[in-house]
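Listed here are the chains, written in short residue letters.
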Amino acid sequence: MNEATALAHPNIALVKYWGKRAGKTNIPATPSLSITLDTLVTRTSVRESEQDQVEINGTVVSDKKIQDFLIQLRAAYSLPPLSIESFSNFPTSAGLASSASGFAGLLTAIDAAFRLEMSTSERSIWARRGSGSAARSIFGGFTSLEEENGDWCARNVLPMGAWPLKVVIAITSETAKNVGSTEGMERSKQTSPYYGAWTESTKSDHAAGLLAVSQQDFSRLASVAESSCLKMHALMLSSQPPLSYWNGATVETIAAVRELQGAGISVFFTIDAGPQVKTLCQEDATDIVVDRLASVPGVLRTLVCGLGPGAYVDQPR
Ligand code: PMV
């Protein structure tokens, strides 16, 4: 029986990706830079079956993104019908990058189960076809997604142990987002007057982010990451109809981060297509950041992560 299980962690972009080139293979309009997390994880098992069936967190679902992904994969590889089971230990579809860990794990499990013998770069390219940001979860630590030899593929830019930053996430809602990233990106591309400025400035933000990571320059990285995040949300808000992913507690949490920064704490924030606020801090500031964010009205709970590894196969013992 062909089967395998893979573990993959979500990643958080510090220089954001929001916008695709034309076509169905999720070619990003711009490069991006991210960190892969440790504690949050998606475990995905695949096995040969009589028909395709997808179960996410115990519920059988009909997922168009997964169906389209399997169609693309089957055009390149001969694969039987699949039973896919995926479990995440964190809220899915709520701006915590579950599609990144989901597709990185799914592709890694399929590659192992059917011995497709893909290289790490090939797995990254295929994971990207499922969800753009999933290309980055194939790698651990600090990861860049950029154009390489005519295709778009992620690569590791700093290993996970090299710069031990902490991530404190303020959960402000457990509800799934109402506009998915693919639809949202297309809307911004078609309607926002800022789209051209966004793609242009993201290229230089990416270069500045890479330099800050290579020099382990926290304040430079903080400035690039907050700016990229706020520009992406300005782009979303200027789309028609507007895309607004924040709630009141999101704004209150940003204010709390500003207060900590004012008190000299090394911390910065970033926010994706959802209301959660992700903060990065130096290791010794973790407790102060957790205490302050947990006290913000509307913050339901906080999660603490470090930097984690890329997607890998769970070897049977
Ligand atoms: O990979 P997708 O389609 O879920 O898009 C990810 C979009 C953001 O999370 C908002 C930004 C990013 O670069 O991860």
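Residues numbered from 1 in each chain as written. Predicted model: local features only at pLDDT ≥ 70, side-chain atom pairs only at ≥ 80, totals over all residues. Heavy atoms only, no water.

*Asks:* Describe the sheet that holds strand E9 (residues 151-158), naming the residues involved and giving the relevant values.
*Replies:* The strand order E2-E3-E8-E9 describes an open sheet built from four strands, whose pairing is antiparallel. Edge positions in the sheet fall to strand E2 (11-15) and E9, since each of these pairs with one other strand and no more. Sheet twist, expressed as the mean angle between neighbouring strand axes with direction ignored, is 35°. Bridge analysis of E2 against strand E3 (residues 32-36) gives four bridges, and the strand direction is antiparallel. Bridge pairing in E3 links Ala13 to Ser34. (Pairing = 2+ DSSP bridges. Helix = DSSP H or I, 4+ residues; strand = E, 2+ residues; numbered from the N terminus. Axes fitted to C-alpha atoms, helices over the stretch in contact; angles between N-to-C directions.)

*Asks:* Tell me about the sheet that holds strand E1 (residues 3-8), residues and numbers included.
*Replies:* The strand order across the open sheet formed by six strands is E6-E5-E7-E4-E1-E14, and the pairing between neighbours is mixed. For this open sheet the edge positions go to strand E6 (59-61) and strand E14 (312-313), each flanked by a neighbour on one side alone. Two strands pair when backbone bridges link them, and strand E5 (residues 53-56) and E6 are joined in this way by three bridges, in the antiparallel orientation. Opposite Val54, over in E6, you have Val61 as the bridge partner. Running over the sheet, helix H1 (residues 64-76) touches E5 and strand E7 (82-88) and is turned about 130° from E7. The strands touched by helix H2 (residues 98-113) are E1, strand E4 (42-48), E7 and E14; relative to E1, the strand with the most contacts, the crossing angle is about 150°. (Contact = heavy atoms within 4.5 Å.)

*Asks:* Help me get a handle on the site of the ligand, residues and values and all.
*Replies:* Contacts to the ligand come from 14 residues, most closely from Tyr17, Ser131, Ser133, Arg136 and Ser181. In the environment of the ligand, an oxygen atom lies 3.3 Å from a nitrogen or oxygen atom belonging to the side chain of Ser99. In this structure, Ser131 approaches the ligand through a side-chain N or O atom, which is 3.0 Å from an oxygen atom. Computed on the free molecule, the ligand has an accessible area of 380 Å², of which 93% lies beneath the protein chains in the complex. When grouped by side-chain class, the residues that make up the shell around the ligand number six nonpolar, five polar and three charged. Taken domain by domain, the makeup of the shell around the ligand includes at least three residues from each of domain 1 (3-161) and domain 2 (166-305). (Near = heavy atom within 4 Å. Polar contact = N/O pair within 3.5 Å; in protein donor to acceptor, adjacent residues only side chain to side chain. Areas by Shrake-Rupley, 256 points an atom, 1.4 Å probe, with all protein chains shown as cover. Nonpolar A, V, L, I, M, F, W, Y, C, P; charged D, E, K, R; others polar. Domains from an automatic or database assignment.)

*Asks:* Could you give me a rundown of the domain arrangement of the protein chain, with the residues and numbers involved?
*Replies:* Split into domains, the protein chain comes out as domain 1 (3-161) and domain 2 (166-305). Taking the mean C-alpha position of each, domain 1 and domain 2 sit 22 Å from one another. Listed per partner, the contact involves 34 residues of domain 1 and 48 residues of domain 2. Approximately 3,200 Å² of surface area, both sides summed, lies buried where domain 1 meets domain 2, with 71% of it carried by carbon and sulfur atoms. The three residues of domain 1 that bury the most area against domain 2 are Leu14, Lys16 and Trp18, which together make up 28% of that side's buried surface. (Buried area = accessible area lost by both parts, 1.4 Å probe.)

*Asks:* How would you summarise the packing of helix H6 (residues 195-214) against helix H7 (residues 218-237) if you had to cite specific residues and measurements?
*Replies:* At their nearest, the axes of H6 and H7 sit 9 Å apart, and the two run at 160° to each other. Judged by the inter-axis angle, H6 sits roughly antiparallel to H7. The element H6 and its partner H7 pack so that their crossing is left-handed. Along the contact surface, H6 presents Tyr195, Trp198, Ser201, Asp205, Ala208, Gly209, Ala212 and Val213, while H7 presents Arg220, Leu221, Val224, Ser227, Ser228, Lys231, Met232 and Leu235. The residue makeup of the contact of H6 with H7, split by class, is nine nonpolar, four polar and three charged. (Parallel < 35°, antiparallel > 145°, perpendicular 65-115°, else oblique. Left-handed = near helix turned anticlockwise from the far one by under 90°.)

*Asks:* I'd like a description of unusual backbone geometry, backed by residues and values.
*Replies:* Look at the link from Gln240 to Pro241: it is a cis peptide, with omega at -10°. Here Pro241 shows up in the loop between H7 and helix H8 (248-262). A positive phi is found at Asn26, a non-glycine position, where the angle reads about 55°. Of note, Asn26 is situated in the loop between E2 and E3.

*Asks:* Residue-level account of a nonpolar patch on the surface, with values.
*Replies:* Judged by side-chain polarity, Leu230, Trp246 and Val251 come together as a nonpolar surface patch covering roughly 240 Å² of accessible area. You can see Val251 is positioned in helix H8. (Patch = residues over 30% accessible without salt bridge, like charges linked within 9 Å, V, L, I, M, F, W, Y side chains within 5 Å. Salt bridge = Lys/Arg side-chain N within 4 Å of Asp/Glu carboxyl O.)

*Asks:* Any details on the environment of Arg258? Residues and values, ideally.
*Replies:* With respect to the helices and strands, Arg258 occurs in helix H8. For Arg258, a relative accessible area of 37% corresponds to the partly exposed category. As for Arg258 and Asp314, which are separated by 56 residues in sequence, their C-alpha atoms are 41 Å apart. For Arg258, the contacting residues outside a window of four places in its chain are Glu226, Leu230 and Phe269. There is a polar contact of 2.7 Å between the side chain of Arg258 and the side chain of Glu226. (Buried < 20%, exposed > 50% of the residue type's maximum accessible area, 1.4 Å probe, protein only.)

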